[in-house]
Amino acid sequence: MRVAIAGGGLAGLACAKYLVDRGHTPIVFERGDTLGGLVAAWKDQDGDWVETGLHAFFGAYPNMLQLLKELNIEDRLQWKQHTLIFNQPEKPGTLSRFDVPNIPAPFNVIVSILRNNDLLTWQQKIRFAIGLFPAIVRGNKYVQDMDKFSLSEWLKQHGIDEKISSDIFVAASKALTFIDPDEVSATVILTALNKFLQERYGSKIAFLDGAPPERLCQPIADYVIAHGGEVRVNAPLKQIVLNPDGTVSHFAIRGLNGTPDYDITADAYVSAMSVDAFKLLMPEPWKQIDSFYKLQELEGVPVINVQIWFDRKLTHVDQLLFSRSPLLSVYADMSNTCREYADSNKSMLELVLAPAADWIDRPEQEIIEATIAELAKLFPDQIPQPAKVLKAKVVKTPRSVYKAIPGREQYKPSQSTPIANFFLSGSYTKQEYLGSMEGAVLSGKLTAQRIHQSSANLTTGPSVQDFDQTSKQTPKQATQPSSDQSIAAKAPV
Ligand SMILES: Cc1cc2nc3c(=O)[nH]c(=O)nc-3n(C[C@H](O)[C@H](O)[C@H](O)COP(=O)(O)OP(=O)(O)OC[C@H]3O[C@@H](n4cnc5c(N)ncnc54)[C@H](O)[C@@H]3O)c2cc1C
């Protein structure tokens with residue numbers, strides 16, 4: 001089948017990859033001049049990469065790890081020590097570590113909590129461990145049901161101390177969703193806990209060894225092209241044109257740089273754009289259809305990525321750090337964490353500013369100054385003196401991943417839609433991971449599966465059984481499409 005895919009982020013690229021694997025012919029149309037969407041990056045005038053976002057990979061990303069393995073690029077992930085590190089604003093310049101021992105889950109994480117004496121008293125640790133119990137033992141259904149509560153409400157119901165909430169869950173909530181615990185759905189944090197606590201290496205963190213467009217997206221595009229597909233950048237979808245029966249007749253693509261607009265016809269069509277971009281292009285007649293109408297309830301959340309280059313080394317920590325700053329979320333010294341950005345003499349901090357609703361419209365200089373003022377609390381011996389800022393870059397994303405407030409689960413669409421030849425892909429669609437790179441890759445894989453299943457129903461192409469076996473599923477799982485959400489990839493050691 002020929003499949004037109006609008007959107008060259010991870011979901012669109014993964015969808016194309018899994019379609020060529022099944023003998024289909026995808027064509028990806030990306031609006032921008034580079035692939036990656038929320039993982040895109042560009043080189044500045046000095047040849048330094050400027051990224052849309054600081055990106056960390058986790059051991060509990062089975063579909064991403066599987067994809068890297070299939071592309072033979074798993075060595076591009078640089079796995080860090082199994083530890084979670086928090087700044088301690090009450091003792092400026094100090095860090096608190098949750099070192100996760102190499103013993104089976106969930107005991108490894110529990111031991112790391114029990115061993116940490118900086119942030120928690122024994123009483124708090126015990127309440128914390130008891131409070132986490134439902135997330136560990138009661139499984140996915142329970143986690144989904146908790147979408148009716150905010151994280152703050154859920155913590156209160158489980159008697160988890162205010163201090164733990166402020167010390168750990170604010171940091172986790174900001175890092176995973178770019179919003180605070182009183183706004184975020186309990187389901188989101190419980191999902192992360194569930195994944196991290198169930199797998200020995202689930203919370204182990206890795207960084208890519210370079211910029212995502214080159215090191216992650218291009219290999220997927222190369223694979224697609226080598227297997228008969230196509231990937232076009234600077235090719236924005238302008239309109240989804242319908243047949244009289246409401247199915248898609250063709251995609252109208254805008255020609256850029258003086259080239260004319262053109263039409264693309266295919267057997268199936270995919271929106272792998274963000275939910276906000278898709279809503280703008282949704283054909284008028286579809287707006288009355290329930291599953292499309294419900295998308296009004298999903299909206300991207302603002303976030304800002306800040307990169308600051310210093311004239312000296314601020315830290316040798318080779319890991320993601322949870323700042324516990326009201327302004328900032330996670331950060332990393334990329335000169336330590338990422339091979340391509342390595343510098344033994346100078347630091348380049350990459351920081352996520354979240355929640356960003358109050359900052360997204362402010363001038364870049366104001367954002368940089370506020371970030372440096374916060375960094376003075378994290379590195380009091382070095383900032384503002386003697387370290388000097390060489391340059392700073394700000395990338396604002398007014399609408400990034402969908403805002404994961406309570407009640408959103410019911411609005412997340414399936415990858416199949418009521419329109420027979422139209423499918424959705426993206427980390428906002430229904431999949432059991434968060435609005436994350438893993439969620440995007442999984443959604444792309446599920447979309448490819450849905451398209452393949454529809455082609456198997458319509459044509460004499462490869463059977464669904466074939467598809468699932470080559471996806472390393474058992475034949476039994478072929479009758480349970482959602483089960484491929486837990487395809488196990490080899491965990492990092
Ligand atoms: C600052 C930041 C930090 C993050 N940190 C992490 C992290 O540490 N770990 C993690 O797992 N995830 C992280 N994420 C989330 C992760 O990046 C996203 O969940 C994931 O990349 C989303 O992929 P996607 O393909 O679903 O959507 P997108 O990346 O939004 O892709 C959609 C694509 O559609 C294209 N498009 C839009 N309109 C059109 C059109 N008209 N025609 C053609 N193309 C169009 C866009 O240009 C884009 O390329 C972070 C995100 C941000 C912003």
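Remember, predicted model here, so these are calculated numbers, not experimental data.

### Here's the deal with the overall build of the protein
Along the backbone of the protein there are 15 helices and 20 strands. Here the C-alpha radius of gyration of the protein, 22 Å, is about what a compact globule of 493 residues would show, namely 23 Å. The principal-axis extent of the C-alpha atoms belonging to the protein is close to 65 × 50 × 40 Å. Taken over 493 residues, the protein has a buried fraction of 60%.

### A few points about the site of the ligand
Around the ligand, the structure places 35 residues, and the nearest of them are Glu30, His55, Ala56, Tyr61 and Leu237. Between the ligand and the protein, one listed contact pairs an oxygen atom with a side-chain N or O atom of Glu30 at 2.6 Å. One of the backbone nitrogen or oxygen atoms of Gly37 is found 3.3 Å away from an oxygen atom of the ligand. Protein contact buries 92% of the 1000 Å² of open area that the ligand shows by itself.

### Notes on the pattern of salt bridges
Inspection of every chain in the model, using the stated rule, returns 24 salt bridges. Ionic pairing is found between Lys403 and Glu183, a salt bridge with its closest N-O pair at 3.1 Å. Remark: Glu183 occurs in the loop between α7 (162-177) and α8 (186-198) and Lys403 occurs in the loop between β19 (389-397) and β20 (422-424); sequence separation between them is 220 residues. Looking at Glu183, the relative accessible area reads 32%, which means it is partly exposed. With a shortest N-O distance of 2.6 Å, Lys195 and Glu432 are connected by a salt bridge. Of the two residues, Lys195 sits in helix α8 while Glu432 sits in the loop between β20 and α14 (437-458), which places them 237 residues apart along the sequence. Judged by its relative accessible area of 12%, Lys195 is buried. A relative accessible area of 17% means that Glu432 is categorised as buried. Linked through salt bridges whose partners overlap, the residues forming this network are Asp44, Asp46, Asp48 and Lys391.

### Details of the packing of helix α1 (residues 10-21) against helix α2 (residues 62-70)
Two numbers describe how α1 lies on α2: the axes approach to 12 Å, and their chain directions differ by 55°. In terms of orientation, α1 and α2 fall into the oblique class. Between α1 and α2 the crossing geometry is left-handed. Residue-level contacts link Leu10, Lys17 and Tyr18 of α1 to Met64, Leu67 and Glu70 of α2. Grouping the amino acids of the contact of α1 with α2 by side-chain chemistry returns four nonpolar, no polar and two charged.

### Examining the state of the cysteines
In protein chemistry, a disulfide is the covalent bond that joins the sulfur atoms of two cysteines. Inspection of the entire model under this criterion finds zero disulfides. Between Cys15, a free cysteine, and Cys217, which holds the nearest cysteine sulfur, the sulfur-to-sulfur gap is 15 Å. We note that Cys338 lacks a disulfide partner, and the nearest cysteine sulfur, in Cys217, lies 14 Å from it. Look at Cys338 and you get buried, because its relative accessible area is 1%.

### Quick look at the nonpolar core
Ranked by size, the top nonpolar core spans 126 residues in total, and within it Leu10, Phe169, Phe251, Phe278 and Phe422 carry the most contacts. Not counting chain neighbours up to four residues away, the residues in contact with Phe251 comprise Ala4, Ile5, Ala6, Leu237, Gln239, Ile240, Tyr262, Asp263, Ile264, Tyr269 and Val270. Listed in part, the 25 residues of the second largest apolar core include Tyr331, Leu351, Ile383 and Val394.

### Description of the environment of Glu30
Mapped onto the secondary structure, Glu30 falls in the loop between β2 (25-29) and β3 (41-43). Given the relative accessible area of 10%, Glu30 is considered buried. Residues Glu30 and Val233 lie 203 residues apart in sequence; the distance between their C-alpha atoms is 4.7 Å. Aside from chain neighbours lying at most four places away, what touches Glu30 is Gly7, Gly8, Gly9, Leu35, Arg232, Val233, Asn234, Ala235 and Pro236.

### Notes on a nonpolar patch on the surface
A contiguous nonpolar patch, built from Trp122, Ile126 and Ile130 and spanning about 340 Å² of accessible area, is present on the exposed surface. Mapped onto the fold, Trp122 is located in helix α4 (residues 122-137).

### Some remarks on the pairing of strand β17 (residues 328-333)
Buried residues dominate β17, accounting for six of its six residues. Where strand β16 (residues 321-322) meets β17, two bridges bridge the pair, whose relative direction is antiparallel. Residue Phe322 lies in a different strand from β17, and its bridge partner there is Val330. Following β16, the chain reverses through five residues before pairing antiparallel with β17; Arg324 in that reversal takes a positive phi of roughly 55°. Looking at chain direction, β17 and strand β18 (residues 348-353) are connected through four bridges and run antiparallel. Paired with Tyr331 across the two strands is Leu351, which belongs to β18.

### Looking at the environment of Asp311
Take Asp311: it is sitting in the loop between β15 (303-310) and β16. Asp311 sits 58 residues away from Glu369 along the chain, and the two C-alpha atoms are 17 Å apart. Beyond its immediate chain neighbours, meaning those up to four positions away, Asp311 contacts Asn345, Lys346, Pro386, Ala387, Lys388 and Leu390.

Each value, and the rule that gives it
- Residues numbered from 1 in each chain as written.
- Predicted model: local features only at pLDDT ≥ 70, side-chain atom pairs only at ≥ 80, totals over all residues.
- Heavy atoms only, no water.
- Helix = DSSP H or I, 4+ residues; strand = E, 2+ residues; numbered from the N terminus.
- Rg over C-alpha atoms; globule rule 2.2 N^0.38 Å.
- Buried < 20%, exposed > 50% of the residue type's maximum accessible area, 1.4 Å probe, protein only.
- Near = heavy atom within 4 Å.
- Polar contact = N/O pair within 3.5 Å; in protein donor to acceptor, adjacent residues only side chain to side chain.
- Areas by Shrake-Rupley, 256 points an atom, 1.4 Å probe, with all protein chains shown as cover.
- Salt bridge = Lys/Arg side-chain N within 4 Å of Asp/Glu carboxyl O.
- Axes fitted to C-alpha atoms, helices over the stretch in contact; angles between N-to-C directions.
- Parallel < 35°, antiparallel > 145°, perpendicular 65-115°, else oblique.
- Left-handed = near helix turned anticlockwise from the far one by under 90°.
- Contact = heavy atoms within 4.5 Å.
- Nonpolar A, V, L, I, M, F, W, Y, C, P; charged D, E, K, R; others polar.
- Disulfide = S-S within 2.5 Å.
- Core = buried A, V, L, I, M, F, W, Y, C linked by side-chain atoms within 4.5 Å.
- Patch = residues over 30% accessible without salt bridge, like charges linked within 9 Å, V, L, I, M, F, W, Y side chains within 5 Å.
- Pairing = 2+ DSSP bridges.

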